[in-house]
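The chain contents come next:
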Amino acid sequence: MNIVIVGTQWGDEGKGKVIDILSEKVDVVVRYQGGNNAGHTVVVDGAEYIFHLIPSGILHKGKVCCIGNGVVVDPEVLLQEIAGLERAGIRPARRLKISDLAHLILPYHRILDQLREMKRTHKIGTTNRGIGPCYADKINRCGIRMVDLLNSRVFADKLKDNLREKNEIFRKVYGHPGFDFNKIYRQYMGYAAKLSGYVCNTALLLDEAVNRGKDILFEGAQGTFLDIDFGTYPFVTSSSTVSGGAAVGTGVSPDKIDKVIGVAKAYTTRVGEGPFPTEFPARFGTFMRDKGSEFGATTGRPRRCGWFDSVMVREAVMINGITDLAVMKLDILDGLKSIKICVAYKYKGKVFREFPHDASVINGAVPVYKEVPGWRGAVAGVAKFNGLPANARSYISRLQDLLGTKMSIISVGCARKDTIFL
Ligand code: GDP
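Quick caveat: nothing in here was measured; it's all calculated off a predicted structure.

### Overview of the domain arrangement of the chain
In step 1: Partitioning the chain into structural domains gives domain 1 (3–100 + 199–261), domain 2 (103–194) and domain 3 (266–421).
In step 2: Just the C-alpha atoms count here: the centres of domain 1 and domain 2 sit 24 Å apart.
In step 3: With 22 residues of domain 1 at the interface, the matching set in domain 2 holds 21 residues.
In step 4: Both faces combined, the contact of domain 1 with domain 2 buries some 1800 Å², and carbon together with sulfur accounts for 63% of it.
In step 5: Among the residues of domain 1 in contact with domain 2, V72, P75 and L79 are the three that bury the most area, contributing 27% of the side total.
In step 6: Taken together, the links from domain 1 to domain 2 amount to one salt bridge.
In step 7: The residue D74 makes a salt bridge to R110 at a minimum N-O spacing of 2.6 Å.
In step 8: Where domain 1 meets domain 2, there are eight residue pairs in polar contact (both at pLDDT 80 or more).
In step 9: Broken down by element, the residue count for the side of domain 1 that touches domain 2 peaks at three residues, all from helix α2 (residues 75–87).
In step 10: Of the residues assigned to the side of domain 1 that touches domain 2, the class counts are nine nonpolar, 10 polar and three charged.

Okay, here's the thing in structure tokens:
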């Protein structure tokens, strides 16, 4: 079975844990979009692993892990991640495959990301890793891909072309001295030597896997509301985070995808700027952030926290074709007297049951809440749905009714064992 894992909110839903659990049951794991602006945290036997580029499936012996063509790769970060795994005794050498069509992040992408964000009056909250500018070059047809890196002549030509135009922009628009060809060329030829063994036609490799009846897990990063089309634009990431992105970002055709699992936190969080209708008031927000350890895996930035928003997640169910939902971090709601679920928005006297696309509506939206009683005691360690406190069960059932989709996984703690399968 070929399964896509997708975030239904603004990322950080806990996809890492779901991916880690499901990786055990599949043969190949493939990342399909994003770059090292994403971060999955996986806890195995008390040890914490943070992944930015390499699928966390690498922690499972024998699994092949691919970085698909839809991903943008910062070679330096990738090499650091490979070195980190080797230090932990995991050898990715024969199991890690990088698409030859994946685009490369270059030093000018990172700097441009920072300079553009600095100049913006309305910051979009970029991670400054060069992801957006790299995707922009891809669309502008001046990007440099892995396959180009492996051909020194092609790489030199493309780099020269880029620097000719970019250095002028850097100097004239940003007052930045620009970049030296030789320095980047030497640095990247060093990366080429180290990475060449991993690079291949991953679309072909995945097609062969499909034909041999192997199971593939498509690993999404970020979440539906950070999608370049369907997210809260412009406070979004530069790639297609939705399930459709899995086909485009890997070369596996959509008809080979059997199932889409959406991952939602039992509440909502968001990093960076942008609208957030159900955001908690400041003091309660700080309390819940500490309770849920809501700090970014990639940047350490504090996450904004709020109530579960069924308007958003219902939209995510539709856009992604979600067949199964995983609800994460239910334990963080332990001990609350009551819990709110957003069922609609109100704006200027009008009720919105579908997610509005007009920025002024989302910014001014007042959530309409259903309030349900909380539960006493801890849900961590509970292995069966019936073992949950009655109010926790009815909270989950309420979400299921509102979303109209099946709940397959309820996560009640960060460890693999703290998981209820339905
Ligand atoms: P991702 O980007 O969607 O994979 O999310 P992150 O990895 O940034 O965030 C998930 C964080 O929550 C990690 O630190 C996980 O160990 C942790 N986590 C996942 N599921 C649960 C859960 O059910 N309860 C608690 N307390 N922590 C969880």
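There's more to say after this.
### Details of the site of the ligand
In step 1: Surrounding the ligand, one finds 19 residues, the nearest of these being K15, G16, H40, D331 and S411.
In step 2: In the model, an oxygen atom of the ligand is placed 3.0 Å from a nitrogen or oxygen of the R303 side chain.
In step 3: D331 is positioned with one of its side-chain polar atoms (N or O) 2.7 Å from a nitrogen atom of the ligand.
In step 4: Protein coverage of the free-state accessible area of the ligand, which is 580 Å², stands at 90%.
In step 5: Secondary structure elements with two or more residues in the shell around the ligand: α1 (15–23) and β3 (40–44).
In step 6: Residue classes in the shell around the ligand are distributed as five nonpolar, seven polar and seven charged.
In step 7: Lining the shell around the ligand are residues from two domains, each supplying at least three of them: domain 1 (3–100 + 199–261) and domain 3 (266–421).

### Some words on the side chain of R31
In step 1: The residue R31 is located in strand β2 (residues 28–31) in this model.
In step 2: For R31, which is buried and forms no salt bridge, the nearest opposite charge comes from E219, at a distance of 5.0 Å.
In step 3: Here the side chain of R31 touches H52 through a polar contact of 2.8 Å, landing on its backbone oxygen.
In step 4: Setting aside chain neighbours within four positions, we find R31 in contact with A38, H52, L53, P55, C66, I67, G68, V71, E219, A221, G249 and T250.

Rules and cut-offs
Residues numbered from 1 in each chain as written. Predicted model: local features only at pLDDT ≥ 70, side-chain atom pairs only at ≥ 80, totals over all residues. Heavy atoms only, no water. Domains from an automatic or database assignment. Contact = heavy atoms within 4.5 Å. Buried area = accessible area lost by both parts, 1.4 Å probe. Salt bridge = Lys/Arg side-chain N within 4 Å of Asp/Glu carboxyl O. Polar contact = N/O pair within 3.5 Å; in protein donor to acceptor, adjacent residues only side chain to side chain. Helix = DSSP H or I, 4+ residues; strand = E, 2+ residues; numbered from the N terminus. Nonpolar A, V, L, I, M, F, W, Y, C, P; charged D, E, K, R; others polar. Near = heavy atom within 4 Å. Areas by Shrake-Rupley, 256 points an atom, 1.4 Å probe, with all protein chains shown as cover. Buried < 20%, exposed > 50% of the residue type's maximum accessible area, 1.4 Å probe, protein only. Lys, Arg positive; Asp, Glu negative; His and termini not counted.

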